[in-house]
2 protein chains.
Amino acid sequence: MLTYIFDKSGIPIYEQIYKYIKSDIISGILKPDEKLPSKRSFANNNGISTITIQNAYDQLVSEGYIYTIPKKGYYVANIDGMISIPKESTLSLDIKMPKVSDKYPIDLSGNKVNPDMFPFSVWTRLLRETISSRSQELMEVPPTGGILELRRAISDHLKSFRGMLIDPNQIIIGAGTEYLYGLLIQLLGNQKIYCIENPGYKKLVQIYGRYNIHCTYAEMDDNGITVEGLRKCGADIAHISPTHHFPTGITMPASRRYEILAWANEENGRYIIEDDYDSEFRTNGRPIPTMQSIDACEKVIYMNTFSKSLTPTIRISYMILPVHLVNRFYEQLSFYSCTVSNFEQYTLAAFINNGYFEKHINRMRLYYIRQRKQIINYIEESNLNDYCGIIENESGLHFLIKLDTELSDTEVIKRLNKKGIQIRALSQYFLTDNIEKEHYFIINYSNIDINKIPEAFENIYLIIHP
Amino acid sequence: MLTYIFDKSGIPIYEQIYKYIKSDIISGILKPDEKLPSKRSFANNNGISTITIQNAYDQLVSEGYIYTIPKKGYYVANIDGMISIPKESTLSLDIKMPKVSDKYPIDLSGNKVNPDMFPFSVWTRLLRETISSRSQELMEVPPTGGILELRRAISDHLKSFRGMLIDPNQIIIGAGTEYLYGLLIQLLGNQKIYCIENPGYKKLVQIYGRYNIHCTYAEMDDNGITVEGLRKCGADIAHISPTHHFPTGITMPASRRYEILAWANEENGRYIIEDDYDSEFRTNGRPIPTMQSIDACEKVIYMNTFSKSLTPTIRISYMILPVHLVNRFYEQLSFYSCTVSNFEQYTLAAFINNGYFEKHINRMRLYYIRQRKQIINYIEESNLNDYCGIIENESGLHFLIKLDTELSDTEVIKRLNKKGIQIRALSQYFLTDNIEKEHYFIINYSNIDINKIPEAFENIYLIIHP
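Read on for an overview of the structure. (Residues numbered from 1 in each chain as written. Chains lettered and ligands numbered in written order. Predicted model: local features only at pLDDT ≥ 70, side-chain atom pairs only at ≥ 80, totals over all residues. Heavy atoms only, no water.)

Each helix and strand in chain A was counted, giving 17 helices and 16 strands. Taken against the 2.2 N^0.38 rule, which gives 23 Å for 466 residues, the C-alpha radius of gyration of chain A at 31 Å runs more than 25% over that of a compact globule. Across its three principal axes, chain A shows a C-alpha extent of roughly 95 × 55 × 45 Å. Counting the 466 residues in chain A, one finds 59% classified as buried. As displayed, chain A has an accessible area near 19500 Å², and 49% of this comes from carbon and sulfur atoms. Each charge sign in chain A was given a centre, from 50 positive and 54 negative side chains, and these centres are 6 Å apart. (Helix = DSSP H or I, 4+ residues; strand = E, 2+ residues; numbered from the N terminus. Rg over C-alpha atoms; globule rule 2.2 N^0.38 Å. Buried < 20%, exposed > 50% of the residue type's maximum accessible area, 1.4 Å probe, protein only. Areas by Shrake-Rupley, 256 points an atom, 1.4 Å probe, with all protein chains shown as cover. Lys, Arg positive; Asp, Glu negative; His and termini not counted. Charge placed at Lys NZ, Arg CZ, Asp CG, Glu CD.)

Structure (structure tokens):
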């Protein structure tokens, strides 16, 4: 019969019993399959209640130290397998993780958000307020499209900021645009031909590739993708970024937008995916209305993200579906759970509704304007000016330079890398060989230390004009 | 020439200029395409610096009220389109959102977490600490598999809690198991035959369906899915939950686990997806080792989620890939971003590392044990006892009852619904007609108000024994 001495340390008796028995099992005093005393006799023997013993036994059962045979009693489990692994042991298998891209002291390619710009204190406060005032809602599973409050906030924001009239139920919130592309493919089907811009965002080719989709590309002229290009490749779905194309920076004029819409209207099942990824940072003149706003025939699927306007490490993006597609979405895909945490959905809704998002965008926009101006001013006043054209439209987080050099893009990049500078060439974004587009380079200024600009461009000058 | 009067209210002068001009544009005093004064003359005229004017103009440009022609100056934009939408207007389109399942006062089908059990105060504190101490890391994009610190915490937890030896790099974190299934399909290919248990989790059929996958099912015996079943349907991938099958509650014994592993080893390209969704709440005796632990041939993909152990509304799940698959994963899919927010990944890592997760699980487990016991005690002491068998193995968040009745399952459910009680039958989880499995019902007790139990079971009694 087990007899233990209980102290008055304030640790509940059941926990003391639990610890005694656990320790006896681990040390081998109690042997596997040995029967433990019945609750009643244990209780009588130690002068405590059976409920206390019950609690201790429950805990031991739940952790696998003892087991129970109904109507017979409790027995010591065989714990060999459980504790044979020493705590310190670590496993190291032959796993080849992707190399973290070499950290260059100066990175003109990175599309990062400056951590100093994130509104940490407001965000923390809103998170705390959300948690303390909404414990009930935080535990309720929202519809697939996300929490209504956030969808309403986004709809209000788009109305005042982009002049877009959206029903909150058209909005589908998801953990990143990549995830939403996957949902879209499931919605539109993988038998369609998806067409992307050339040059363009190579990740799209990879994503469509993983879904075994026929992904093609269409050439661009100075106004963006062309209808002839779409026809030539037999596209069903045109995946474009008319506000600010990456990497060329082209803004599609209204006339071309109507042409592309007309193309989509020629046949059932044609759609336009309008990726408006950095429209918040457009600064030149009056924004051109989104294609979603001028689409009268339910042909445009609008996508946007908080990755650029807030941070890519909170994964929140959204898409706006035309009415017939949102109905199809809820018919076919409503079994999916929304992929964004309730905690962050409610916090973001409060962030938008209280005006912080607009303030934050304005602050970021001015920061980017200043970054861009300082870099362009530097180039214009430096030795490089005679060998470097600047192609920009006062928008977004990057611009292009054209270098007057005989060196291949690969060679320029190689030599700059040696100097600790990372840069990308426009030619790297072509899905085809396109040799006449050499010598254009992308200057991504979203998180560049402005003090390093002279060093960067002095090195570019020395490489092309040694 | 514009002349404005500036007050000393503390509002910066540039903001006052910005507001004056904006208001003049909106009211029509300044007309579209009208040229604004140059910064210099405006500054001289008002006795302020050109920098101040520059800031005001920048702001107006960024909001689209004015535009600039390089080397010419600033002009009033045509804002017709921008502000034509009255703020109050709301759009309401003909969108059919899925009906929220009628809220029954008593829901024996719901698999919800009791909101009172979520550790809000600890979570808030850890979130706040994370944000204040990790601003840099919070802004850095993690590898596709998730933040190393969380993967390490999960690996440590699995070692002490489940006796599993896992390299943190084998772990892939994602926004829910549904999302991870999608990644798995992309990794294993959609040409394989995926086999699920019958009865089983119908959502799997829907997910595989959306990926156009050949999804089949295999019958179970008392020990779970059988090798003959897998052979009969020509399966390549067996998707199973050996720890605690839903909805039957069957735990697959070790011998059957080895048989299934042997089946997987017969051919290249065969895999087992081991879904361990509620293993934390297993309480009967020593836990059987996971299939992942006894797999020596890289055949088992282990999946688990924090949906049951924490809350489904923070979307965090993970899978553990065998070494050759994790290498393939990073070769082929590392272009994807991790779908879980950095903020919640770091918070969860701290939650696990500081011992809160283990405490929380223990607390939840005891809560579920108590819920289950109270319900079973009630049934055993009620009129229903003679007409109701209880099938349970002291595990998970649900058990089965078998009712002694001639009524069809549909009829029982219909009559209970009328009384305000929601319940699901085992027969609803069969992927085939399986009439001999009628009269079994699922009692999900994860968030049942225990005071409503007498009403619920009294009604069941009255329906089968009027």
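Residue and element names in this part refer to chain B. In the sheet, strand E1 (residues 66–69) pairs with strand E2 (residues 73–76) via four bridges, with the strands oriented antiparallel. Within the sheet, the bridge partner assigned to Ile66 lies in E2 and is Val76. Counting the residues that bridge the hairpin from E1 to E2 gives three residues, and of these Lys71 lies at a positive phi of roughly 65°. (Pairing = 2+ DSSP bridges.)

Counting 74 residues, the largest nonpolar core has Trp123(A) and Trp123(B) as its most contacted members. Not counting residues up to four positions away in its chain, the partners in contact with Trp123(A) are Phe118(A), Leu310(A), Ile314(A), Thr347(A), Leu348(A), Phe351(A), Ile131(B) and Phe343(B). (Core = buried A, V, L, I, M, F, W, Y, C linked by side-chain atoms within 4.5 Å. Contact = heavy atoms within 4.5 Å.)

Further remarks concern unusual backbone geometry. A cis amide bond, omega 5°, links Phe246(A) with the succeeding residue Pro247(A). Its location among the elements puts Pro247(A) in the loop between strand E8 (237–240) and helix H11 (254–265). With an omega of 5°, the peptide bond running from Asn198(B) to Pro199(B) counts as cis. Tracing the chain through its elements places Pro199(B) in the loop between strand E5 (193–198) and helix H9 (202–210). Phi is positive for Glu298(A), which is not a glycine, with a value near 55°. With respect to the helices and strands, Glu298(A) occurs in the loop between helix H12 (291–294) and strand E10 (300–305).

This next bit is on the interface of chain B and chain A. Listed as interface residues are 94 residues of chain B and, on the opposing side, 95 residues of chain A. Summing both partners gives a buried area of about 8300 Å² for chain B against chain A, and 61% of it is carried by carbon and sulfur. Taken together, the connections running from chain B to chain A amount to two salt bridges. Measuring nitrogen to oxygen at the nearest pair gives 3.4 Å for the salt bridge that ties Lys373(A) to Asp58(B). (Buried area = accessible area lost by both parts, 1.4 Å probe. Salt bridge = Lys/Arg side-chain N within 4 Å of Asp/Glu carboxyl O.)

All names here are of chain A. Strand order in this open sheet of eight strands is E4-E11-E10-E9-E8-E5-E6-E7, and the pairing throughout is mixed. Strands at the two margins of the open sheet, each flanked by one partner only, are strand E4 (171–174) and strand E7 (224–225). Where E4 meets strand E11 (residues 317–320), four bridges bridge the pair, whose relative direction is antiparallel. Across the sheet, residue Gly174 finds its bridge partner in E11, namely Ser317. This element, helix H8 (residues 177–188), spans E4, strand E5 (193–198), E8, strand E9 (271–275), E10 and E11 of the sheet and lies at about 160° to E10. (Axes fitted to C-alpha atoms, helices over the stretch in contact; angles between N-to-C directions.)

Moving on, we get to the relation of the copies chain B and chain A. The operation relating the pair of chain copies consists of a rotation about an axis and a translation along that axis. After a rotation of 180° and a shift along the axis of 0.0 Å, chain B superposes on chain A with an RMSD of 0.1 Å. Such a combination of turn and shift is consistent with a two-fold rotation axis. (Least-squares fit on C-alpha atoms with pLDDT ≥ 70 in both.)

Take helix H13 (residues 323–333) of chain A next. Of all the residues in H13(A), the buried ones are Val323(A), Leu325(A), Val326(A), Asn327(A), Phe329(A), Tyr330(A) and Leu333(A). Tucked inside the fold, the buried residues of H13(A) contact E4, H8, E9, E10 and E11 of chain A together with H9 of chain B.

Turning to the state of the cysteines, a few remarks are in order. Applying the stated criterion across every chain, the model contains zero disulfides over all chains. Among the cysteines around Cys195(B), which has no disulfide bond, Cys233(B) carries the closest sulfur, lying 3.6 Å off. (Disulfide = S-S within 2.5 Å.)

A separate point is the side chain of His157(A). Position of His157(A) relative to the elements: it lies in helix H7 (residues 148–162). Those residues in contact with His157(A), other than ones at most four positions away along the chain, are Arg162(A), Ile352(A), Phe357(A) and Ile361(A).

Turning next to the packing of aromatic side chains. In this structure the tally under the stated criterion is 46 aromatic pairs over all chains. Between the aromatic rings of Phe399(B) and Tyr445(B), the centroid separation amounts to 5.9 Å while the plane-to-plane angle is 35°, which identifies the pairing as tilted. With Phe399(B) in strand E13 (residues 398–403) and Tyr445(B) in the loop between strand E16 (440–444) and helix H17 (453–464), this residue pair connects regions lying 46 residues apart in the sequence. Each residue in the set Phe118(A), Phe120(A), Trp123(A), Tyr302(A), Phe306(A), Tyr318(A), Phe351(A), Tyr356(A), Phe357(A) and Phe343(B) is aromatic and connected to the rest through ring pairs, giving one cluster. One Lys or Arg, Lys299(A), reaches over the ring of Tyr271(A) and ends 5.3 Å from the middle of that ring. (Phe/Tyr/Trp six-rings, centres within 6.5 Å; stacked < 30°, edge-to-face > 60°. Lys NZ or Arg CZ within 6 Å of the ring centre and 35° of its normal.)

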